[in-house]
There are 4 protein chains.
Amino acid sequence: MAPAAYRKLAGLIAATFTPFTPQGEVNLSVIGPYIDYLSEQQGVKGIFVNGTTGESLSLTVAERKILTEEWCQKAKGRMDHVIVHVGCMSVKDSQDLARHAAQTGADGIAVIAPFFFKPRTAEALREFMKEVASAAPNLPFYYYQIPALTGVNVHVRDVIEGIEKLIPSFRGVKFSGCDLMDFGQCVSYCQADWSVLYGVDEQLLAALAMGAHGAVGSTYNYIGCHVNKLLSAFEKGDLVQARAIQFKMQELLSYAMKLGFDVGVNKQLMAELSGLCLGPPRLPLMPCPHDHAQLIVQKYHSLFSKR
Amino acid sequence: MAPAAYRKLAGLIAATFTPFTPQGEVNLSVIGPYIDYLSEQQGVKGIFVNGTTGESLSLTVAERKILTEEWCQKAKGRMDHVIVHVGCMSVKDSQDLARHAAQTGADGIAVIAPFFFKPRTAEALREFMKEVASAAPNLPFYYYQIPALTGVNVHVRDVIEGIEKLIPSFRGVKFSGCDLMDFGQCVSYCQADWSVLYGVDEQLLAALAMGAHGAVGSTYNYIGCHVNKLLSAFEKGDLVQARAIQFKMQELLSYAMKLGFDVGVNKQLMAELSGLCLGPPRLPLMPCPHDHAQLIVQKYHSLFSKR
Amino acid sequence: MAPAAYRKLAGLIAATFTPFTPQGEVNLSVIGPYIDYLSEQQGVKGIFVNGTTGESLSLTVAERKILTEEWCQKAKGRMDHVIVHVGCMSVKDSQDLARHAAQTGADGIAVIAPFFFKPRTAEALREFMKEVASAAPNLPFYYYQIPALTGVNVHVRDVIEGIEKLIPSFRGVKFSGCDLMDFGQCVSYCQADWSVLYGVDEQLLAALAMGAHGAVGSTYNYIGCHVNKLLSAFEKGDLVQARAIQFKMQELLSYAMKLGFDVGVNKQLMAELSGLCLGPPRLPLMPCPHDHAQLIVQKYHSLFSKR
Amino acid sequence: MAPAAYRKLAGLIAATFTPFTPQGEVNLSVIGPYIDYLSEQQGVKGIFVNGTTGESLSLTVAERKILTEEWCQKAKGRMDHVIVHVGCMSVKDSQDLARHAAQTGADGIAVIAPFFFKPRTAEALREFMKEVASAAPNLPFYYYQIPALTGVNVHVRDVIEGIEKLIPSFRGVKFSGCDLMDFGQCVSYCQADWSVLYGVDEQLLAALAMGAHGAVGSTYNYIGCHVNKLLSAFEKGDLVQARAIQFKMQELLSYAMKLGFDVGVNKQLMAELSGLCLGPPRLPLMPCPHDHAQLIVQKYHSLFSKR
């Protein structure tokens, strides 16, 4: 069972970057200021750590653990939700991380579909997740779907069918795909204490119309304050205003994508906009060419006047 | 220039099926009753003929012409818009059909991206469309994007950049893809007299939130009356009601897809629901197994109580 | 039944380009000299006309007919085999062209899998081909597989299982894919009077090892004389020599591909090397940038010394 | 520099399965008998351990180390080559495993392309591999390409261009793709002490014709003795005999694939044929349905008479 204090996940959740030193080692000292920045400058009250944006698959298990510890400690009293991604190719590593997240005081764990041997059926994916969840049975559990990266195209709606019987701690989905029929059916099906969160920032408004309960994404690290206004406008039924913000996000991201937007470029963009020292990405990501980041920063300022 | 009487395309447009005799020949006699059905039973006032749903690529040029003539004649005074799809692999065939559509009194023409040799760039696609449009310069011209079938993934936003200089009769897009960033950017960019219409029926609500001006799809042949309610609810800001209808559509289509939903099955479904004799599909589509159609009809009735 | 004079298809078959005037109209006057060139300069004795290389899908049915007539007439007595590709999206157009090919004296017809509505099963594809073949029952019939362009991935081995019962005139496959397990199983299964021809020129040697009876490709238009030496070397068991030629072909094509090799560039390359006036490609193919063709010509000469 | 005793990799290399207990823990006790079986029953003198077949990505780093130790120890004096796959998503884990393999006495290491963040360029992939190789600079290093599983489609030929300057210990490629143009260009380019090994067992003969120096695959665990005959036949220029064996392999694998062939099914097949207790696969692979394995075993016996 989830703890009594369980708060349903909602609103904006920033998928955090992992700070590195210039030499490429994990840099824990940036995490405190990072949380300050999110909370004070962006109005973001939830984080999703060690996910895609956090380069988790490029980290060792030991690195993921010390990062989890630091994020959880520094977030205490400042963030409403710290969700720790514990997905690995090895179910044993994932169990290890799940157990550790529970001991560390995370508010929930999430698991990506394994993607070397790709589960062919919802059943295989459910079995994998059940094994992981069983190592931290009291921690809210989320399935993290991101088919563009995993190549796993099993419908989420099939995955969550009666999943509470297999995984009593199941609490929802981070849905980072473009199949909004599948998304809508998840919203339509989901239990009262589940959250269906959307993860494709550039089309968040579409998912809100379809009933999304919140959003998890990397851009909320630096445009969270603007997207909070999008959420408010949507809440008030002001689609014109909501669209205006969404279209700016699209213009920014589409511009960045033409320059070759990956987590490395994204990390540099965050560093420039926040002033935090995030360091380079780790291989196989290549360092962001400096002028690319500069051009995107300029585009950002032309679209979103400084607050 | 488009004619003075040009009305901006909006609302629901049914992508019509092509009626065949049991022997597989074009059956013009069904077209009059078909228009009655759409107009009277479904409240649909626009049609998109000889498109994907109409199996146009499986028809000869001569067949497409007689169909165009019959649809235009029977729709006169009953439909607000008759858009004729004239896309072919051969630009010469497309020009021939465009000229014919103009002579026949169509309200507009649409062209799919050629998909054997796939245009690699927006420029190549624009050149192709320019050649076709030039054969019917006074007819509103629409680009029909459907990447799942064509494999052409050029961003529509890039295609429509300044396209009015190349194609003065350009009036919009039938966007049948799931990339709602590209879609949103089209909405954001488009000129006052252009229409950005959405073509993935099962996630229409998402596109409406993003600013869609209307919708073109096959399911509006038989659930148009319900989707008109979805449109009204959305217009009034009643997202709860709009979602309820959208979720039913998703449940129907997802059920059908598990049974192997293609244009052949879809055609049989329409025949069962409307009572029109639509005949079999043409090869390479295979006839719909009777029990599949029956099961989907039952699902339909369980979801949408008879009006 | 196939005619008594049936000769099993083998050796090198050039997939011919369609000559256009500078204005983009079919240019029949080049066809005679083209055949002279193939026969005298390249030692090629078979042609596959109106295929992918011939831009057939970009032609009208009428154009395909006059081309067929001219190729058949000029090839008489000079070519051992004239295979006419009659594949279309519309089974009716294909039947029309099949009938015409029979009347014109072609030695065989070939059909590509329809690729807008893609056959989902071998059965649907077989039904489509059966309909076409039945319009020219005395003409040897070949299935033309090219999954990279059609997106149809049905195994050829499944397509040809007992196909002689459906299509008595069936005589083989032009296999233009990279799945050499499927290819090998076709070779292993095929009847004595069938031919399994390979269509990926840059890895022909691999298919020969697997038992290919011959090859159909666009590069045999201009390196046929060299590839004939590859065939001879292979026949004699001289793999070192065969590989040396194959590696040169690979170097040429890989160089061309980095420059953006498509049928338009390929056509220009043939024009430069043969001196034939082939004209531009037709939209959606874009004209080949002149310097690209020049660079590839230089590469050609550096690899293959002039004969 | 590679050690003085370096022997160029060639011939058949079995990609070994990882034995588990029925409870899913690594079962070292099977490794000795496994090596006996390969050596005595299959005539196989090289192994590739902790690769795809060995479910390495589903193992923890610690498990991979104890497996490496056991394979190296038991192979001593019995196998000519023990290549240890050390590829991980995390470059740090890979370096750790590379260092360990060097200490353990492996004959070489191999690295798969990272496939969560997929290298976009040959350069990014080379940088990743350089980091790993630098942790074991005296150990022959091989790039393990398997695009169907990784989704990384960078041409191998581009990867190996001048790679000896970046990675002095580079000694070759395990090429498990179907692009035999790329393969041929690797063979054509490679240095005298490199090996280009092929990894798609069902079309090995094609790669041999293109100049493959050897083969690494899972089926050599149980049909190595037959494939050794294929190699001998090919060596003698007896393509008829070589094809006969290759076609049987294709028939077996194509039959298995129709039943849903994955590493789990493959492992069960090996267990049945060898009598070794290999245990179940690990999640996300599901246990092989017993009757599937039985059917494939029967097919095996019908194709390959017992020795």
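Going along each chain's sequence as written, the residues are numbered from 1 onward. Chains carry letters from A onward and ligands carry numbers from 1 onward, assigned in written order. The predicted origin of the model limits local features to residues at a pLDDT of at least 70 and limits the giving and counting of side-chain atom pairs to 80 or more, whereas totals for whole chains, interfaces and linings rest on all residues. Heavy atoms from the whole structure form the basis of all side-chain values; hydrogens and water molecules are not counted.

A. Inspection of the packing of helix α1 (residues 31-41) of chain B against helix α10 (residues 220-235) of chain B at higher detail. All names here are of chain B. All axes are obtained by fitting lines to C-alpha atoms, using only the stretch in contact for helices, and the reported angles, taken between N-to-C directions, cover 0 to 180 degrees. Working definition: helices are DSSP H or I runs of at least four residues, strands are E runs of at least two. Numbering for both runs from the N terminus. At their nearest, the axes of α1 and α10 sit 9 Å apart, and the two run at 15° to each other. Considered as vectors, α1 and α10 are oriented roughly parallel to each other. Considering how the two elements wind past one another, α1 and α10 form a crossing that is right-handed. Contact residues: Tyr 34, Tyr 37, Leu 38 and Gln 41 in α1; Tyr 220, Asn 221, Tyr 222 and Cys 225 in α10. Oblique is the label for every angle not falling under 35 degrees (roughly parallel), over 145 degrees (roughly antiparallel), or within 65 to 115 degrees (roughly perpendicular). Crossings are classed by handedness, with left-handed meaning an anticlockwise turn of the near helix from the far one by less than a right angle and right-handed meaning a clockwise turn. In this description, contact between two residues means that some pair of their heavy atoms is separated by no more than 4.5 Å.

B. Broad picture of the interface of chain C and chain D. Taken residue by residue, the interface counts 28 residues in chain C and 28 residues in chain D. Accessible area that two parts lose when put together, with a 1.4 Å probe and added across both, is what the buried area reports. Roughly 2,100 Å² is buried in total at the junction of chain C and chain D, and carbon and sulfur atoms are behind 65% of that figure. It is Met 181, Met 210 and Phe 247 of chain C that lose the most area in chain C upon contact with chain D, and together they represent 27% of the buried surface on that side. What counts as a salt bridge is simple: a side-chain nitrogen of Lys or Arg found within 4 Å of a carboxyl oxygen of Asp or Glu. Our count for the chain C to chain D interface comes out at 2 salt bridges. Between Asp 158 of chain C and Lys 258 of chain D there is a salt bridge; the shortest N-O distance is 2.8 Å. Throughout this description, a polar contact denotes any pair of N or O atoms lying within 3.5 Å of each other; where both atoms belong to protein, one of them has to be capable of donating a hydrogen while the other can accept it, and for residues adjacent in sequence the pair is counted only when both atoms sit in side chains. The interface formed by chain C and chain D contains 14 residue pairs in polar contact (both at pLDDT 80 or more). Elements with a minimum of two residues in the side of chain C that touches chain D: α8 (180-189), α9 (204-209) and α11 (239-258) of chain C.

C. View of the nonpolar core. Among buried residues, those of type Ala, Val, Leu, Ile, Met, Phe, Trp, Tyr and Cys that are joined through side-chain atoms within 4.5 Å constitute a nonpolar core. Categorising residues by exposure relies on relative accessible area from a 1.4 Å probe, with only protein chains included: less than 20% of the type maximum marks a residue as buried, more than 50% marks it as exposed, and the intermediate range marks it as partly exposed. The biggest cluster of nonpolar side chains holds 210 residues, and the ones touching the most others in it are Phe 183 of chain A together with Phe 183 of chain B. The residues contacting Phe 183 of chain B, other than those within four sequence positions of it, are Phe 175, Val 196, Leu 197, Tyr 198, Ala 207, Met 210 and Ala 212 of chain B. By size, the runner-up hydrophobic cluster in this structure holds 209 residues, among which are Cys 186 and Tyr 222 of chain C together with Leu 38 and Met 210 of chain D.

D. Broad picture of the state of the cysteines. By disulfide we mean two sulfur atoms from cysteines, separated by a distance within 2.5 Å. Within this structure, the stated rule accounts for 0 disulfides over all chains. Cys 186 of chain B takes part in no disulfide bond, and the closest cysteine sulfur to it belongs to Cys 190 of chain B, at a distance of 8.1 Å. Classification of Cys 186 of chain B by relative accessible area gives buried; the value is 0%. Of all cysteine sulfurs in the structure, the one in Cys 288 of chain D sits closest to Cys 277 of chain D, which takes part in no disulfide; the separation is 15 Å.

E. Broad picture of empty space enclosed by the protein. Here a cavity is any set of points on a 1 Å grid over the protein atoms alone where a 1.4 Å probe fits but cannot get out, and a pocket is any open set with protein on both sides within 12 Å along at least 5 of 7 lines; a residue lines the site when it has an atom within 4 Å of a point. Grid points are joined across faces, edges and corners, and a volume is the space filled by probe spheres set on the points. On inspection of all chains with the given rule, the structure shows 5 cavities of 30 Å³ or more. Estimates place the volume of the largest cavity at around 50 Å³. Forming the boundary of the largest cavity are Leu 57, Ser 58 and Pro 284 of chain B together with Met 89, Pro 114, Phe 115, Phe 116 and Phe 117 of chain C. All amino acids are sorted into three groups, where Ala, Val, Leu, Ile, Met, Phe, Trp, Tyr, Cys and Pro are nonpolar, Asp, Glu, Lys and Arg are charged, and the leftover types, Gly among them, are polar. Looking at the lining of the largest cavity, its residues break down into 7 nonpolar, 1 polar and no charged.

By themselves, these are just geometric observations and shouldn't be taken as functional.
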